[in-house]
Amino acid sequence: MKINALIFPAIFFAFFELSAQDGGRKIPDVTVKNLDNSSFQTGEIENDGKPIIINFWATWCSPCKRELNTIAEEYQDWVDETGVKLVAISIDDARNMHKVKPYIDGQGWEYEVYIDPNADFKRAMNVNNVPHTFLVDGEGNIVWQHNSYAPGDEMELYDLVEKLAAGESIN
Amino acid sequence: MVIGTLFITSRHVFAQNGLLEGAQVHGNFEIYAQQYNEDSLIGAPNVPEKSGMNAFGNIIVTKGKFTTGARIEAYTPPVQGFDPNFGLQPIGVPYRFVQYTGDQIDITMGSFYEQFGNGMILRSYEERALGLDNAFDGVRIRMNPYKGIYVKGIIGNQRFYWQKSTGYVRGFDGEIALNELLEAWAESKLRLTFGGSFVSKYEEAGLRSLVYPENVASWAARGQLNYGGFAFLAEYIYKFNDPNADNRYIYRPGQGLLLSATYSQKGFGINLTAKTIDNMHFRSNRDGQLNDLFINYLPPLSRQHTYNLATTLYPYATQPFGEIGIQGDIIYKIKRGTLLGGKYGTTIQGNVSLINNLDTQNISTHAQLESDEFIDADPGRQGYEANIFTPGDEVYYQDFNIEIDRKFSKKFKLKTTYVYMVSNIDVTLGTAIGTNVYAHIGVLDGLYKVSRKHSIRTELQHMWTEQDQGNWAFAMVEYGYSPHWFVTILNQYNYGNPSAILRLNYPTAQVAYVNNATRVSLAYGRQRAGIFCVGGVCRPVPAANGATISITSSF
């Protein structure tokens, strides 16, 4: 235990230093579920060099649904103007995962949706709570993230998507 | 000095010689701290240490096919309502792993989370808000030997606060996705997946008057079919004799069945689910209590409510002793521009769930079982007889709810919810009030967007009931300033409590600041005693009066 207590922070800080220098962070490759319950590898998420929004949500999360329903009203314009793709990752477990497809069809969402029933992808992306949104640039680097949703956040998100689509840096 | 040397050495080892050059290093933090004032009216005790904190720090390092990670946890001391076992060690590293992910094989050693099928036979997961973490510590191998064929094998013991379960768990799961396996089916509208699991636990019998099986086996079979907008799934689980504290050490096998049918198209979706469970407590310790050391997860068949009065007073969790239930869930979106739909469209969601006990005939009485007595009429110590398809006449939980969500203008949205629930809280919450609670709940949730960045949301909730604590009223106002600030004020008022002295107010104020992936919130006020549930697993939250600080950050 004593050794742990010393080595761990040392390694931690070394990693921290590394994290400051690492070039783009990529989407980790984890197995999630397609809506038909077959497997999908998150490493295969891509959008032909255009930006990608990855949004973690759940059917029991009111702010998540508020955010995704608000974006849904504008989504077709977003796609037409910037080529962006929104990938919605439901963290619903066995209690609610069978209600995900009826819900997204019912709401008429056009997003690409996967289910992460045991939070494997959520953990790999270091998400604490939903909603949590990531922005991925055309090279597949995660360049921005945001936790929680307040009405109006979607406009800030879209400003960033436009910058990325125009090839500008957002940091 | 030592730390400094180690720090420099570790920099040298990990950073300078290129071992981890190009590695991706990420993680997150979560800190949850409470300060306590004594408040005898609401039942908040005098906490001698005046404060509690649960804190978590995760780090994950990935380089190519190699991943390693660890989590530091601190409980100094644990927040009130969390198991005191967390306090046995103030800080430590209960979770760490190394993983190699190749094209066809994936090996993890150390701590890991895993789920087979719907998790009804095996699921390890972490739910920090519940203080629940039954991670395996051992080895997991996942393989994809041929396209469409997936196999997994695990072995390990489970996390038990700062210790490990004495029992070992071994599990194997296989799945075949026919549309991947058969080229001719690749583009078929009909999609079929089959799977099966085998899980066994080993635990020493110990010196008891009963002879316990040291190895307990269980298995599950599942299938899913999709055709266009239709989906159908089934999973059956079976567990061989597993005398344990939950079932009063009887030798009766356990079983369960989950069926779900779904149809959806644009603007409409429906899901029907049925579930039956008998004697399916499955833990890696036969004497386990509460939420400790579960190997499996039994999803409850009721709506996961989000509004305070509907979630924390009379929630439902699966009764693994035995229950049978059905649930229907429907969503319909009335088109925009129609008379009923209005300018922006209107969404209607409805949900019904009905859950009863199983029709059960006791062979041995509880007293006979508790005295470890074998009686002639029950030589196999089966305890009772039940058919998993025959409901009994005792209601456990019923819920009918409808939600209408409508956008009236660019600036104003209103969500109206009505819930009627019947809750047998003597069974679900362990009370002894001798009657079901019949409660009506109404909620008005309005969102007014003042301008691009400013918004105001209000929630008005009311519960009408003549049982238990009587009527409740709830009001909340939340001001949002995108993207950084939230200010929330809320009050709950138990004005209908049969006892005049308990007609109390529970006011709370909260400020939250969000910057990208960091959120900091400070709340002050009274917290009502209640039940906090995630995924149908619940934790009682004690009454508290004081300040709460919560910080989450991802990097």
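Computed from a predicted model, the values in this text were never measured in an experiment.

### Here's the deal with the overall build of chain A
For chain A, the count of helices and strands is five helices and eight strands. Taking all 171 residues of chain A together, 53% fall into the buried category. The contacts of chain A with a sequence gap of at least 6 include a subset with a gap of at least 24, amounting to 71%.

### Thoughts on the overall build of chain B
A count of helices and strands for chain B gives five helices and 31 strands. For 555 residues, the compact-globule formula gives about 24 Å, and the C-alpha radius of gyration of chain B, at 26 Å, lands near that figure. Over its C-alpha atoms, taken along the principal directions, chain B stretches across nearly 75 × 65 × 60 Å. The buried share of chain B, reckoned over its 555 residues, is 40%.

### What to know about the interface of chain A and chain B
With 56 residues of chain A at the interface, the matching set in chain B holds 76 residues. Elements with a contribution of two residues or more to the side of chain A that touches chain B: α1 (2–21), β1 (25–26), α3 (100–107), β8 (141–147) and α5 (153–165) of chain A. Among the elements that take part in the side of chain A that touches chain B, α1(A) stands out by supplying 14 residues, more than any other. Tallied by class, residues from the side of chain A that touches chain B come to 23 nonpolar, 20 polar and 13 charged.

### Some words on the domain arrangement of chain B
Residue and element names in this part refer to chain B. Examined at the domain level, chain B breaks down into domain 1 (48–299) and domain 2 (310–555). The set of elements that each furnish at least two residues to the side of domain 1 that touches domain 2 consists of β17 (254–265) and β18 (268–278). For the side of domain 1 that touches domain 2, the leading source of residues is β18, giving 11 residues. Classifying every residue of the side of domain 1 that touches domain 2 gives 16 nonpolar, 14 polar and six charged.

### Describing the environment of B:L369
All names here are of chain B. Tracing the backbone through its elements, the reader meets L369 in helix α4 (residues 366–370). Distance in space between the C-alpha atoms of L369 and R381 is 8.1 Å, their sequence separation being 12 residues. Not counting chain neighbours up to four residues away, the residues in contact with L369 comprise R248, Y249, I250, S364 and G383.

### Side note on the nonpolar core
Residues A:I53, A:W57 and A:I89 are the most contacted members of the largest nonpolar core, which totals 72 residues. The set of elements that each furnish at least two residues to this core consists of β4 (52–57), α2 (62–82), β5 (85–90), α3, β6 (112–115), β7 (132–136) and α5 of chain A together with β2 (51–63) of chain B. A total of five residues in this core trace back to one element, the largest contributor, which is β4(A). Once you skip the residues sitting within four places of it in the chain, A:I53 turns out to touch A:V84, A:L86, A:V87, A:T133, A:L135, A:L157 and A:V161. Counting 15 residues, the second largest nonpolar core, distinct from the first, contains B:A310, B:L313, B:M421 and B:V443.

### Concerning the packing of α2(A) against α5(A)
Residues and elements named next belong to chain A. Where α2 contacts α5, the axes come no closer than 11 Å and their chain directions differ by 20°. Here α2 lies roughly parallel to α5, going by the angle between them. Pair α2 / α5 crosses with right-handed handedness. In contact with E67, T70, I71, W78 and T82 of α2, α5 contributes E154, Y158, V161, E162 and A165.

### Quick look at the pairing of strand β28 (residues 518–527) of chain B
Residues and elements named next belong to chain B. As paired strands, strand β27 (residues 505–515) and β28 are joined by eight bridges and run antiparallel to one another. Directly across from V511, in β28, lies its bridge partner L522. Counting the residues in the hairpin turn of β27 and β28 gives two residues, including N516, whose phi is positive at 50°. As paired elements, β28 and strand β31 (residues 544–554) share 10 bridges and run antiparallel to each other. Bridge pairing in β31 links S521 to S550.

### Comments concerning the environment of B:Y161
Residues and elements named next belong to chain B. The topology assignment puts Y161 in the loop between β11 (149–160) and β12 (163–164). Overall, Y161 belongs to the partly exposed group, with 19 C-beta atoms counted inside 10 Å. Look past the residues within four positions of Y161 in its chain and what remains in contact with it is D83, N85, F86 and L88.

### Section: α3(A)
Since there are 3.6 residues in each turn of an α-helix, residues three or four apart along the chain are aligned in direction. All names here are of chain A. Extensive coverage of α3 is indicated by the burial of eight of its eight residues. Every buried residue of α3 is accounted for by V100, K101, P102, Y103, I104, D105, G106 and Q107. Immediately downstream of α3, the backbone of G108 shows phi near 70°, a positive value.

### So, the confidence of the model for chain A
Residues with a pLDDT of 70 or more make up 87% of chain A, whose mean pLDDT is 88. Below pLDDT 50 for its whole length, residues 18–22 of chain A participates in 11 contacts with residues either more than four positions away or in separate chains.

### Focus on α2(A)
Residues and elements named next belong to chain A. An ideal rise of 1.5 Å per residue puts 30 Å on 21 residues; α2 measures up with 28 Å between its terminal C-alpha atoms. Residue E74 marks the point of greatest curvature in α2, where the axis turns by about 55°. Looking only at α2, the buried set comprises C64, K65, R66, E67, L68, T70, I71 and W78. Packing partners of the buried residues in α2 comprise β4, β5 and α5. Of the residues trailing α2, G83 is marked for its positive phi of about 75°.

### Examining unusual backbone geometry
With an omega dihedral of -5°, the bond running from A:V130 to A:P131 counts as a cis peptide bond. By secondary structure assignment, the location of A:P131 is in the loop between α4 (120–124) and β7. A cis geometry characterises the amide bond from B:T76 onward to B:P77, with omega recorded as -20°. The residue B:P77 is located in the loop between β3 (66–75) and β4 (91–101) in this model. Despite not being glycine, B:D468 shows a phi value in the positive range, around 50°. Secondary-structure assignment places B:D468 in the loop between β24 (454–465) and β25 (472–481).

### A short note on the pairing of strand β23 (residues 437–449) of chain B
Residues and elements named next belong to chain B. Alternating residues of β23 divide into V437, A439, I441, V443, D445, L447 and K449, all buried, and Y438, H440, G442, L444, G446 and Y448, none buried. Sheet topology note: the strand β22 (residues 412–423)/β23 ladder contains 12 bridges and is antiparallel. Residue K413 lies in a different strand from β23, and its bridge partner there is L447. As paired elements, β23 and β24 share 11 bridges and run antiparallel to each other. Its bridge partner lying in β24, L444 is registered against L460. What sits between the antiparallel neighbours β23 and β24 is a turn of four residues.

### Observations concerning the confidence of the model for chain B
Confidence in the prediction of chain B, expressed as mean pLDDT, is 92, and 95% of residues score 70 or more. The least confident element of chain B, judged by mean pLDDT, is helix α1 (residues 2–16) of chain B at 48; the most confident is strand β7 (residues 122–123) of chain B at 98.

Rules of the game
Residues numbered from 1 in each chain as written. Chains lettered and ligands numbered in written order. Predicted model: local features only at pLDDT ≥ 70, side-chain atom pairs only at ≥ 80, totals over all residues. Helix = DSSP H or I, 4+ residues; strand = E, 2+ residues; numbered from the N terminus. Buried ≥ 20, exposed ≤ 12 C-beta atoms within 10 Å, placed from the backbone. Contact = placed C-beta atoms within 7 Å. Rg over C-alpha atoms; globule rule 2.2 N^0.38 Å. Nonpolar A, V, L, I, M, F, W, Y, C, P; charged D, E, K, R; others polar. Domains from an automatic or database assignment. Core = buried A, V, L, I, M, F, W, Y, C linked by C-beta atoms within 7 Å. Axes fitted to C-alpha atoms, helices over the stretch in contact; angles between N-to-C directions. Parallel < 35°, antiparallel > 145°, perpendicular 65-115°, else oblique. Left-handed = near helix turned anticlockwise from the far one by under 90°. Pairing = 2+ DSSP bridges. pLDDT = per-residue confidence, 0-100. Expected span 1.5 Å × (residues − 1). Bend = angle between axes of the 7 residues up to and from the residue.

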